[in-house]
Amino acid sequence: MWKNLRISVLLLVLALVAGQQWLDRVATQSWRDPLWVGIFPVAADGSAHTQEYVAGLSAKDFADIEAFFSREARRYGLGVTQPVHVELYPSARAVPPQLPGDAGLLSRMWWSLRLRLFAARHTSFPGHAPATVRLFVLYHDPANLERVPDSHGLQKGLVGLVHAFADPSLAGSNNLVIAHELLHAVGARDKYDPATGAPLVPLGLGDPEQQPLFPQENTEIMAGRRALSPTESEMPGSLRHVVVGPATALEIRWSRP
Ligand SMILES: [Zn+2]
């Protein structure tokens, strides 16, 4: 009898998890109302500069992201004029768990679970509506770090961890990374070669139909880099010439096959 009970409990938990994931997908891919995205800034190092930068952040620092989604949604003929609402929440007091660069599958799963638990404990603030997608943005002092660690957006748990530079001149590229990780959370996949970082052809091109094909005028958001030639690419400094390509639009249900 105990064995049957254990199996029943396990099946119930699995059904609840699957049900929640289905509800999350429906909530984030219906695109009928603005998707409520919470930015939770975190000073990731002990630098006074980073603390000051984080304390000085305001909603307008992230306005680019809303404008990008509105512009691209219009291009795909979506009914909603503002598909994404970005809300700046108070700075998280603790630093979320981070994924080691060499993590294997198991430690990645363990980290994702810990991040979701962290998000559950650190994202409710009195006077603030709960966010549907929660993005922790970890700011680093550019004086102490040349390159930030990789960022991650997870569809399971609708949560993301973004590494950014505490530098106003890099706010545009920080917003590009935030938009990229947000799109992962709503079902988009990477469109670059993990070995070289180069955009995949044709999926990672801003306009796969462009003639001549190179240099591409625009950057596909899930490629993250603009293809200049079959072997060269560059990361744009803002979301201004960045687009949601046809393959990404299909994955997030902005278009139908
Ligand atoms: Zn990615």
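Residues numbered from 1 in each chain as written. Predicted model: local features only at pLDDT ≥ 70, side-chain atom pairs only at ≥ 80, totals over all residues. Heavy atoms only, no water.

Trainee: Explain the side chain of Ser173 residue by residue, including any values.
Mentor: Positionally, Ser173 belongs in helix α5 (residues 171-185). With a relative accessible area of 14%, Ser173 lands in the buried category. Not counting the four nearest positions on each side in its chain, Ser173 is found in contact with Met235, Pro236 and Gly237. (Helix = DSSP H or I, 4+ residues; strand = E, 2+ residues; numbered from the N terminus. Buried < 20%, exposed > 50% of the residue type's maximum accessible area, 1.4 Å probe, protein only. Contact = heavy atoms within 4.5 Å.)

Trainee: For the coordination of the zinc ion, give the residues involved together with the corresponding values.
Mentor: Distances from the zinc ion to its protein donors, His180 (NE2), His184 (NE2) and Asp190 (OD), fall at 2.0 to 2.1 Å. The sequence pattern describing where the donors of the zinc ion fall on their chain is H-x3-H-x5-D. The buried category is assigned to His184, whose relative accessible area is 13%. (Donors = N, O, S within 2.8 Å, 3.2 Å for Na, K, Ca; no water.)

Trainee: Got a sec to walk through the packing of helix α3 (residues 63-75) against α5? Specific residues and values, please.
Mentor: Angle between the axes and distance between the axes are the two parameters that describe a pair of packed helices. Contact geometry of α3 with α5 gives a least axis separation of 9 Å together with a crossing angle of 55 degrees. Viewed along their axes, α3 and α5 adopt a mutual orientation that is oblique. Relative to α5, α3 is oriented so that their crossing is right-handed. For the pair formed by α3 and α5, the contact residues are Asp64, Ile65, Phe68 and Phe69 on the first element and Asn175, Ile178, Ala179, Leu182 and Leu183 on the second. Here the contact of α3 with α5 is composed, by residue class, of 7 nonpolar, 1 polar and 1 charged. (Axes fitted to C-alpha atoms, helices over the stretch in contact; angles between N-to-C directions. Parallel < 35°, antiparallel > 145°, perpendicular 65-115°, else oblique. Left-handed = near helix turned anticlockwise from the far one by under 90°. Nonpolar A, V, L, I, M, F, W, Y, C, P; charged D, E, K, R; others polar.)

Trainee: For the layout of surface pockets, give the residues involved together with the corresponding values.
Mentor: Considered as a void within the structure, the largest pocket measures approximately 1500 Å³ in volume. Taken together, 43 residues line the largest pocket, and the ones lying closest to its centre are Asp150, Ser151, His180, Glu181 and Tyr192. Going through the elements one at a time, α1 (2-29), α4 (105-122), β4 (152-154), β5 (159-165) and α5 are the ones with two or more residues in the lining of the largest pocket. Considered class by class, the residues forming the lining of the largest pocket number 17 nonpolar, 14 polar and 12 charged. (1 Å grid on protein atoms, 1.4 Å probe; cavity = no way out; pocket = protein on both sides within 12 Å on 5 of 7 lines; lining within 4 Å. Points joined across faces, edges and corners; volume = space filled by probe spheres on them.)

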